[in-house]
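Structure at a glance
This is what each chain is made of:
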Amino acid sequence: MTRYGPQFGPDITFLGVDPVDVEDRAALEAADVVVVGAPFDGGTSHRPGTRFGPMAIRQTDYLPHDGSRPHLALRVDALQDLRVVDAGDVEMPPGEIERSLGALEEAVFKVASAGAVPLVLGGDHSIALPDATGVARHLGFGRVSMIHFDAHADTGDIEFGSLYGHGQPMRRLIESGALRGDRFLQVGLRGYWPGPETLGWMAEQRMRSFEMTEIGKRGLEACLDEAFEIALDECDAVFLSVDIDVCDPGHAPGTGTPEPGGLSSRQLLDAVRRICSELPVAGIDVVEVSPPYDHAEITAYLANRVCLEALSGLAVRKHGISHDPAGPLLEGR
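Before going into details, it helps to say that this report is about the structure given with it. (Residues numbered from 1 in each chain as written. Predicted model: local features only at pLDDT ≥ 70, side-chain atom pairs only at ≥ 80, totals over all residues. Heavy atoms only, no water.)

A short note on the environment of A132
Our working rule: Numbering goes from the N terminus for both helices and strands, where a helix is a DSSP run of H or I of at least four residues and a strand is a run of E of at least two. Residue contacts follow a heavy-atom distance rule, with two residues in contact if any of their heavy atoms lie within 4.5 Å.
Within the secondary structure layout, A132 lies in helix α5 (residues 128-139). Counting along the chain gives 150 residues from A132 to A282, while the straight-line C-alpha distance between them is 9.3 Å. For A132, the residues in contact, after removing those within four places along its chain, are M146, L173, L179 and F239.

Regarding the environment of V286
Residue placement: V286 occurs in strand β9 (residues 281-287). Sequence separation of V286 and E226 is 60 residues, and the distance between their C-alpha atoms is 23 Å. Those residues in contact with V286, other than ones at most four positions away along the chain, are I57, L119, V120, L121, G122, V242, A303, V306 and C307.

A closer look at the nonpolar core
Nonpolar side chains in soluble globular proteins generally cluster together in the buried interior. Stated precisely, the cut-off is as follows: Throughout, nonpolar core names a set of buried Ala, Val, Leu, Ile, Met, Phe, Trp, Tyr and Cys residues whose side chains join them through atoms within 4.5 Å. The classification of residues rests on relative accessible area computed with a 1.4 Å probe and restricted to protein chains. Under 20% of the type maximum is buried, over 50% is exposed, and intermediate values are partly exposed.
If you look at the biggest cluster of nonpolar residues, it comprises 57 residues, and the most contacted ones within it are F14, I147, F149 and I284. It is helix α11 (residues 298-319) that contributes the most residues to this core, 10 residues altogether. With 46 residues, the next largest nonpolar core counts V20, A116, I127 and A132 among its residues.

A short note on the packing of aromatic side chains
To describe a pair of aromatic rings, one takes the distance between the centres and the angle between the planes. For the record, the criterion: Each aromatic pair joins two rings of Phe, Tyr and Trp (for Trp, the six-membered one) with centres within 6.5 Å, and gets the label stacked for planes under 30 degrees apart, edge-to-face for over 60, and tilted for any other angle. In our convention, an over-ring charge means Lys NZ or Arg CZ found within 6 Å of a ring centre and within 35 degrees of that ring's normal.
In the structure shown here, the tally under the stated rule is 2 aromatic pairs. The ring of F109 has R137 lying over it, and the distance from NZ or CZ to the ring centre is 4.1 Å. Across from the ring centre of W201, 4.1 Å away, lies the NZ or CZ of R171, which sits over that ring.

Overview of the pattern of salt bridges
Going by this rule: The salt bridge definition used is simple: a Lys or Arg side-chain nitrogen within 4 Å of an Asp or Glu carboxyl oxygen.
Per the stated rule, a full pass over the model turns up 33 salt bridges. In this structure, R143 engages D236 in a salt bridge whose closest nitrogen and oxygen atoms are separated by 3.0 Å. Linking R143 in the loop between α5 and β5 (144-149) with D236 in the loop between α9 (220-231) and β8 (237-243), this pair joins segments that are 93 residues apart in sequence. The exposure class assigned to R143 is partly exposed, which follows from its relative accessible area of 32%. Taken together, the shared-partner salt bridges in this structure form one network comprising R180, D182, R183, R206, D233 and E234.

The analysis is restricted to geometry; functional conclusions fall outside its scope.
Given below as structure tokens:
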């Protein structure tokens, strides 16, 4: 089988990293991180367009696509300090959600079982079901916790007569046993959905959801401290799922279901960096970037930087760090 190509647009890799064939087991085993595109928006309930998200996240940058990104604060270069490769886009035909999600799960499982961290570029949030399931198939059902950044809980049951969609993946993950409800941490919820019945189901699963009012009162760092303690209790690894609409629409307008009052882009970047540098992250997805609704590529740039902060955090965790990023930039140089 040849390497996955692009489903939409030219065949480019994430910021110029090397391409890889997902069927090349030896190449996957040599990698630390494998980028996988999931160009699917068939689970969208409102505004579509996230099928173009992977291409936008890969290419949106004002710097050369040269496979290098030195981090000013952390003094690591994740694309050099880690072996990062790009498998291209999984074929996810519009209108065939079960086939598409199944193909993505197999791709993620191949990456995870080879010992690499899959970094999945979405796509709408329905892809979190195959992403986290693929990782859990390798590490064991119930052994992976979830840290989920989102404006919405995504714990709906049947929507439009279907079990699958971008408002339902977290319920399906818990019901399948892939992830435990009491090791499910949600950050940034707000707004007017879901209703009392769904919230009751979430409470029965012992999910821990940090709504924005709590985050505003306690502070994001304190909420993350609590989330970290829960995430590592009886679990071996963490899956990080970032819906870009966790940020206020002023920071991320290009998304299908914008909800005012969210995190700032700075808060999200700092949180992702901290998670990936302090926790055993085994899988990541970044979802709900909808370029047709973006303005001046604001959202695509943020998603690209979310990926880079995650990669830089993974590099710090693997290699360590000798500089306090909160200190003077030029200290010791």
